[in-house]
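Structure assessment
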Amino acid sequence: MTGDRREPAGVGLSALTKDYPGGVRAVDGLDLDVPDGAFFALLGPSGCGKTTLLRTIAGLESATSGTVRIGDRDVTRLPPGLRDVGMVFQDYALFPHMTVADNIAYPLRIKKVGKGDRRAAAAAVASSLGLSDLLERRPAELSGGQQQRVALARAMAARPKVFLLDEPLSNLDARLRLEARTFLKKLQHELGVTTLFVTHDQAEALAMADRIAVMEAGRIRQVGTPAEVFRRPANLFVASFIGSTPMNLVDARVTGGLVEAAGARLRPPVHVDDGEQVVYGVRPEYLDFSPTPVDEAFHGRVVVVENLGTSSLVTLETGDGVLVHVVVPEDAEPEPGGEGWAAPRPGRALLYREGDLMQNDVTAAA
Ligand code: ATP
């Protein structure tokens, strides 16, 4: 599966819209450029249109308007079989009455590849995914992780230009999911085939993807590397969606050149004018906790301490009743009831105006 006959195959979507009967606009004028060879996540909450987008790229749904391009071909009106995509469904959709070998060889049977070649190709793909000993079993005789690998092998057998994976890990238990995450990422890098995968799990997208498109209500709100969407969410939607502990987003007002947020007076990370209403954003991981007073810090009472394993999530309630979350390293966690200060680390705070990230001077690029 080294892809010796591979041609470049990025995916390009332009002004793509998908309406379902009854007036639901599941994909709304969406533009997206997925570079050749990328491992690309479509991330967003339930119902934002991720699956519809994937199915429209595959040709299982027809676009209402706009175009889908794979490589240098406009495939918008082509049936799924002519698009050269391999899709893995959330429930794997294996044929229960067929053996593993026949499941994997199925796309080749559809392509009218001869029986001998089919068997050889299926055996080669199965071997690359560690399935060689399971070829004669039926799906019901496999674990969830094995079924997932058979579904992947089936998608790989026809050597598609693009892989489309719909929530590929959602049927696995937590432990297997971590293993499968590493396995998939390694496999994708080895194969180098452009891969789009859908997930609602931000941790999964951050861990696996080279690039992430964050979706809301049929639109893309930000595209970037995991580091970009984590460190500099472009708007409040992405800021509140990304991160296993949500970002602190505090309503603030600018006076005397400083940001006044929940009783704290903080230096703004970008230039702002007095009188502006902004939202001050800082991740709990980027606040330093102190049980004694420090300057330029949120101040409040420790109301909750949650154990995260190697650290704790401490909730401070400020004088005006705002809750500020701080991640505190193990052995430094305070007792509930005491006072605490939480100081933003230099260069880690963000300001949002009218919902969008402000970035208007050199500190924004730091
Ligand atoms: P989830 O993570 O829950 O699977 P999703 O982001 O994949 O969600 P979609 O399944 O693409 O979202 O659905 C997008 C919108 O389109 C939703 O409002 C959904 O109710 C609607 N929808 C999906 N499929 C159909 C359909 N066949 N007919 C009508 N509406 C549909």
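Since this is a predicted model, take the numbers as computed values, not measurements. (Residues numbered from 1 in each chain as written. Predicted model: local features only at pLDDT ≥ 70, side-chain atom pairs only at ≥ 80, totals over all residues. Heavy atoms only, no water.)

1. Comments concerning helix α3 (residues 115-128)
Between its terminal C-alpha atoms α3 stretches 20 Å, which fits the 20 Å expected from 14 residues at 1.5 Å a residue. For α3, the full list of buried residues reads R118, A122, V125 and A126. Each buried residue of α3 lies within a common arc of 100 degrees when the element is viewed along its axis, so the set occupies one face. Pointing more than 90 degrees away from the buried face of α3 are the exposed residues G116 and D117. For α3, the secondary structure elements touched by its buried residues are α2 (100-110) and α4 (144-157). (Helix = DSSP H or I, 4+ residues; strand = E, 2+ residues; numbered from the N terminus. Expected span 1.5 Å × (residues − 1). Buried < 20%, exposed > 50% of the residue type's maximum accessible area, 1.4 Å probe, protein only. Arc of directions from axis to C-beta. Contact = heavy atoms within 4.5 Å.)

2. Notes on the sheet that holds strand β12 (residues 258-261)
Strand order in the open sheet made by the 6 strands is β13-β12-β11-β14-β20-β21, with antiparallel pairing throughout. What marks the edges here is a single partner per strand, and that holds for β13 (264-266) and β21 (356-357). Judged from the 6 bridges that link them, strand β11 (residues 248-255) and strand β14 (residues 277-282) form a sheet pairing that is antiparallel. Following the sheet pairing, D251 is matched in β14 by V279. (Pairing = 2+ DSSP bridges.)

3. Quick notes on the domain arrangement of the chain
For the chain, the domain assignment lists domain 1 (11-233) and domain 2 (245-357). Placing the centre of domain 1 and that of domain 2 at their C-alpha centroids yields a distance of 39 Å. Counting from both sides, the interface comprises 5 residues of domain 1 and, opposite them, 7 residues of domain 2. Note on domain 1 versus domain 2: buried area summed over both sides is about 600 Å², and carbon and sulfur give 49% of it. The interface formed by domain 1 and domain 2 holds 2 residue pairs in polar contact (both at pLDDT 80 or more) in total. Classifying every residue of the side of domain 1 that touches domain 2 gives 3 nonpolar, no polar and 2 charged. (Domains from an automatic or database assignment. Buried area = accessible area lost by both parts, 1.4 Å probe. Polar contact = N/O pair within 3.5 Å; in protein donor to acceptor, adjacent residues only side chain to side chain. Nonpolar A, V, L, I, M, F, W, Y, C, P; charged D, E, K, R; others polar.)

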